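Observations on chain architecture
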Amino acid sequence: MSLKIQDITTAIAAYFESVQPQAHIDNVSIDSRSLQNNASTLFFALPGQNRDGHYYIPELLNKGVVNFVVTHIPETVSGKANFIIVNNTLQALQDFAAYYRQQFQFPVIGITGSNGKTIVKEWLNYLLSPDYNVIRSPKSYNSQVGVPLSIIGINKKHNLGIFEAGISLPNEMQKLQHIICPDIGILTNIGTAHDESFTSQKEKTLEKLKLFSKVKLLVLQKNEAIEKLLPATTKTFTWSFNNTGNVLVNKLEKASATCLEVIYQDTIFSVEIPFTDDYAIENAINCLMVMLHLGYSHEIITQRLAGLYPVELRLQVKDGINGCTIIDDSYSADYQSLKIALDFLEQQKTHKKKTIILSDIFQSGFTKKELYKKVKELLRTHKIGRVIGIGETITKKLADFPNFFAYKTTQEFLAQYNSNAFEDETILVKGARSFRFEEIVVLLEEKTHETVLEINLNAIVHNLNFYRAKLKPETKVMVMVKAFGYGSGSYEIAKTLSHHKVDYLGVAFADEGIALRNAGTMIPIVVMNPESSAFNAMTAYNLEPEIYSLRELKAFIDLARKKNLWNYPIHLKLDTGMHRLGFEEHQLAELIALLRNNNFVSVKSIFSHLSASDSLQFKDFTTQQIDLFEKWSTQLIDALQINPMRHILNTSGIYNYPNAQYNMVRLGIGLYGVGNDPTEMKHLQNVGTLKTVILQIKEIEVGESVGYSRKYIATQKTRTATLPIGYADGIPRAWGNGNGYVMINSQKASIVGNICMDMLMVDVTNIDCKEGDRVIVFGKDPSVVTIANTLNTIAYEILAGISHRVKRIFYKE
Ligand SMILES: *Cc1c(COP(=O)(O)O)cnc(C)c1O
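Residues numbered from 1 in each chain as written. Predicted model: local features only at pLDDT ≥ 70, side-chain atom pairs only at ≥ 80, totals over all residues. Heavy atoms only, no water.

Quick look at the overall build of the chain
Helix and strand content of the chain: 27 helices and 41 strands. Computed over C-alpha atoms, the radius of gyration of the chain comes to 29 Å, within 12% of the 28 Å expected from 2.2 N^0.38 for 813 residues, which places it in the range of a compact globule. Considered along the principal axes of its C-alpha atoms, the chain spans approximately 95 × 85 × 60 Å. In the chain, which comprises 813 residues, the proportion classed as buried is 56%. Taking contacts inside the chain between residues at least 6 apart in sequence as the whole, the part at least 24 apart equals 66%. Accessible surface, the chain: about 34800 Å² in total, of which carbon and sulfur atoms supply 49%. (Helix = DSSP H or I, 4+ residues; strand = E, 2+ residues; numbered from the N terminus. Rg over C-alpha atoms; globule rule 2.2 N^0.38 Å. Buried < 20%, exposed > 50% of the residue type's maximum accessible area, 1.4 Å probe, protein only. Contact = heavy atoms within 4.5 Å. Areas by Shrake-Rupley, 256 points an atom, 1.4 Å probe, with all protein chains shown as cover.)

Encoded structure:
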């Protein structure tokens, strides 16, 4: 891309306040963290429920960015950069993308539907890229922001576009249609449920179909009901399993593949795809339809479809050997996704040392020379300390790159692999599928058993924003990451929270805070239950104590005096009814006397904790707590002539008593996707999914028993699966003996017999599954809330009880 900033201003009909009116733009950014931001970047300051993009402008100016699209010019930066001023920056980004798209005339395929968009897009790219220079949406960039960013990747050499579009609200698709302007449409499928945002299934379908309002051809599975909703002018190209569409498909399932017999215009041919599940079959047929439409021969269709592969688009962060962190992106290697992966690497600030293992890059639209020049630039701006290149091309093109190690093939790398070559560093593993880098990831991964707790970092941000939206913009947020982030892991979450400008972190003990500091967290941290033995370490690591008693306060002041500390921040806890920790009314006078004219400590905040903010049945009690807090904190403030923050709300408090938000709230369980109220729950996204695998399958005859104490006796022929997870991993024993279940291939498998220390057995008599299959122990279903309710406890206990030996894997979608 190379555009004049003035042309952009005209295209999006905006007001321009410039210092360099002649500036050229060659890339667009919405993320202040990207190291790719530079003088020719146009930064769109997007609004967010979290911090607004405008907030990052001073920081970006320091990094050399000089072109911004804004709704207003923040006072401190006025006159220091080019500002394009618009009413709505997201709208401006979309208008800009629509304008940019109009510069190119080649055919574009637009994909939508409830499932399969990304898979169909990736597969089509694989199927068509031998013959076309394809530009496609990176990863699952299909949203109101993702689609414009995808379109902006187009350049002159591309001659086919494949973009996906996803919506969650009414009136969104029209905008995406306007940006993508597809010529060929694919409707993957429409789920039977309608999302909350739509009044009916029909309304949702109509909204999705808007993507196709101007297509020349729409590919879909034959469906009278949907076709009735299309404008009469839309030309369809349909397939079906029962001879009603343009193309008839007969399927024959084999052990690990499906044979499709395709009948089209009096010819019959067959293709075999290496999948057996219904979704994959539908997705493959949709791809096949596009190939038929584009005039591919049956031979080529058959040959290429046989090579379809599972699509994995998530960047996964895993614990590696020798203290390394692995970012696994071993399924694609194109320029767009390399940019995304490097930005992601930058955000994982766990280690200073950064290594990338990179295969040959496949990217149409550039000559090899241009492409590798750009790749080198990227690696340089991202300060990658060591590059391990694998492949015929990359070894030549990057040969002169500093600290470059070359291997012709993955096999050669594996043969010479030495685990000692990797230590305390972040390793990005990024390779095209054909390089089979998953074998490298297996070697680099820390070996533990196969039970993992996957943490969705996007869901954390979503949940944070849900609660932020309930607060005044100026209200600060402290996030409680005590108990290893409610069992979800603390550093990675702290890193995400730090970018989203959370104001404080709360931990229970000093060592939790020290671990966060060692991992690089700079956010202020409050230690909720400090022991005086840890005061020294706390001051060394800049951790702020909760002060709850006169004895503790005196001890801390003594230490501050000895260490010559001045105005060390402390947080006073008042006991308004919880009766756990905190000052009571009769102690306030002495507290005031101790703090008056005391320069060793400074009261940063005064707070209290609600004991029943989740049950409205105790509304009077809670209101009384809030009233006492108001009264006592005011008394302290007046007597000491100070101006501290005040806070009393936890998650349910934010939900039920937002009026008492004072200057800050303390968000805990809600961030991890658990609300105490069913309506609240509906708005939260699930954060943790506990997964394991089937170790062994057994046939149990009538009268035989399963597990310790013969608790389960088969009354009919039963098939059981044994899973490597037990009460030592944190699964309560009470969840066994038919009380609980796990999900295997989307079906409930009830737990039979007693749960053992490291294993449990489930009934899979009616479930199609095999050894090695994935098992979901909790996540969306069963949710931790379901488990907790069944067992008469609370989700907090289940989450915090998941043992440390269960490996945590963090991912971003
Ligand atoms: C744990 C804790 C919180 C957070 O509570 P949630 O119910 O998880 O939101 C807030 N304040 C204090 C003092 C806590 O100990």
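Side note on empty space enclosed by the protein
Rolled over the atoms, a probe with the dimensions of a water molecule shows which regions are left empty. One pass over the full model with this rule turns up 2 cavities of 30 Å³ or more. Empty space within the largest cavity amounts to approximately 50 Å³. Lining the largest cavity are Glu122, Arg136, Pro138, Lys139, Leu313, Ser332, Asp334 and Ser337. For the lining of the largest cavity, the domains that each give at least three residues are domain 2 (104-305) and domain 3 (315-446). Taken as a whole, the second largest cavity spans an internal volume of roughly 40 Å³. Taken together, Val134, Ile135, Arg136, Asp334, Gln336 and Gln363 form the lining of the second largest cavity. (1 Å grid on protein atoms, 1.4 Å probe; cavity = no way out; pocket = protein on both sides within 12 Å on 5 of 7 lines; lining within 4 Å. Points joined across faces, edges and corners; volume = space filled by probe spheres on them. Domains from an automatic or database assignment.)

A look at the UniProt feature "binding site: substrate" (unreviewed entry) in the chain
In the UniProt entry, the feature "binding site: substrate" (unreviewed entry) is given for Arg580 and Met757. Judged by maximum C-alpha separation, these annotated positions cover 178 residues in sequence and are scattered in space, the widest gap reaching 33.3 Å. Here, the second largest pocket is lined by Arg580 out of the annotated residues. Residue placement: Arg580 occurs in the loop between strand 28 (568-574) and helix 22 (588-595). Each residue touching Arg580, except ones within four places of it in the same chain, is listed here: Lys573, Asp575 and His609. Turning to its location among the elements, Met757 is positioned in the loop between strand 38 (747-752) and strand 39 (760-763). When its relative accessible area of 44% is taken as the criterion, Met757 is described as partly exposed. Once you skip the residues sitting within four places of it in the chain, Met757 turns out to touch Gly726, Tyr727, Ala728, Asp729 and Arg805. (UniProt positions renumbered as here; feature names shortened; annotations may be inferred.)

Brief notes about the pairing of strand 16 (residues 267-273)
Taken together, the 7 bridges between strand 15 (residues 258-264) and strand 16 define a ladder with antiparallel strand orientation. Of the residues in strand 16, the one forming a bridge with Cys259 is Glu272. Where strand 15 folds back on strand 16, the antiparallel hairpin that results is connected by 2 residues, among which Gln265 adopts a positive phi of roughly 45°. (Pairing = 2+ DSSP bridges.)

What about helix 6 (residues 173-180)?
Here helix 6 has its buried residues at Met173, Leu176, Gln177, Ile179 and Ile180. Taken down its axis, helix 6 places every buried residue within 165° of arc, on the same side. Buried residues in helix 6 make contact with helix 3 (89-101), strand 8 (108-112), helix 5 (146-151), strand 10 (160-164) and helix 7 (201-209). (Arc of directions from axis to C-beta.)

Notes on helix 3
For helix 3, built from 13 residues, the straight-helix expectation of 18 Å at 1.5 Å per residue is met to within 8% by its first-to-last C-alpha distance of 18 Å. Buried within helix 3 we find Thr89, Ala92, Leu93, Gln94, Phe96, Ala97, Ala98, Tyr100 and Arg101. (Expected span 1.5 Å × (residues − 1).)

Structural notes on the environment of Gly772
Relative to the helices and strands, Gly772 is located in the loop between strand 39 and strand 40 (774-778). In contact with Gly772, other than residues within four places in its own chain, are Val693 and Ile694.

Quick look at the nonpolar core
Nonpolar side chains in soluble globular proteins tend to end up buried together. Within the largest apolar cluster, 136 residues are counted, with the highest numbers of intra-cluster contacts made by Val479, Leu497, Leu505, Leu572, Ile744 and Val762. Counting residues per element, this core draws most heavily on helix 11 (residues 335-347), which supplies 7 residues. Residue contacts for Leu505: discarding those within four places in its chain leaves Met478, Val479, Val481, Ala494, Leu497, Leu516, Thr521, Ile523, Pro524, Ile525 and Val526. Counting 46 residues, the second-largest nonpolar core is a separate cluster that includes Ile8, Ile25, Ile84 and Ile151. (Core = buried A, V, L, I, M, F, W, Y, C linked by side-chain atoms within 4.5 Å.)

Examining the layout of surface pockets
By volume, the second largest pocket is sized at about 950 Å³. Taken together, 41 residues form the lining of the second largest pocket, with Tyr486, His609, Asn650, Ile794 and Tyr796 sitting closest to its centre. Elements supplying a minimum of two residues to the lining of the second largest pocket: helix 17 (482-486), helix 24 (651-656), strand 31 (664-667), helix 25 (678-682), helix 26 (784-790) and helix 27 (795-801). Class assignment of the residues belonging to the lining of the second largest pocket gives a composition of 21 nonpolar, 13 polar and 7 charged. (Nonpolar A, V, L, I, M, F, W, Y, C, P; charged D, E, K, R; others polar.)

Describing the packing of helix 4 (residues 117-128) against helix 9 (residues 278-293)
For the pair helix 4 and helix 9, the least separation of the axes is 10 Å and the interaxial angle reads 45°. Accordingly, the angle class assigned to the pair helix 4 and helix 9 is oblique. Two packed elements cross with a definite hand, and for helix 4 against helix 9 that hand is right-handed. Of the residues in helix 9, those in contact with Ile119, Val120, Trp123, Leu124, Leu127 and Leu128 of helix 4 are Ala280, Asn283, Ala284, Cys287, Val290 and Met291. Here the residues of the contact of helix 4 with helix 9 are counted per class, giving 11 nonpolar, 1 polar and no charged. (Axes fitted to C-alpha atoms, helices over the stretch in contact; angles between N-to-C directions. Parallel < 35°, antiparallel > 145°, perpendicular 65-115°, else oblique. Left-handed = near helix turned anticlockwise from the far one by under 90°.)

Things to note about the environment of Pro47
By the secondary structure assignment, Pro47 is in the loop between strand 5 (41-44) and helix 2 (57-62). Residue contacts for Pro47: discarding those within four places in its chain leaves Asp52 and Thr89.

So, the site of the ligand
Surveying the vicinity of the ligand reveals the residues Met480, Lys482, Tyr486, Arg580, His609, Asn650, Thr651, Arg666, Gly668, Ile669 and Tyr796. Tyr486 places a side-chain nitrogen or oxygen 2.6 Å from an oxygen atom of the ligand. Side-chain polar atom of Arg666 to a nitrogen atom of the ligand: 2.8 Å apart, as the coordinates give it. In isolation the ligand has 380 Å² of accessible area, and contact with the protein removes 94% of it. Structurally, the ligand is housed in the second largest pocket. Taken together, the residues of the shell around the ligand break down into 4 nonpolar, 4 polar and 3 charged. (Near = heavy atom within 4 Å. Polar contact = N/O pair within 3.5 Å; in protein donor to acceptor, adjacent residues only side chain to side chain. Sits in = over half its atoms within 2 Å of the grid points.)

Focus: the sheet that holds strand 4 (residues 27-29)
Strand order in the open sheet made by the 5 strands is 2-7-6-5-4, with mixed pairing throughout. The strands lining the two open edges of the sheet, one partner per strand, are strand 2 (15-17) and strand 4. Mean inter-strand twist for the sheet, computed between neighbouring axes without regard to direction, equals 20°. When strand 2 meets strand 7 (residues 82-85), the two strands line up antiparallel, connected through 3 bridges. Within strand 7, the residue paired with Phe16 across the bridge is Ile84. Where helix 3 meets the sheet, it contacts strand 4, strand 5 and strand 6 (67-70), and its direction lies at approximately 140° from that of strand 5.

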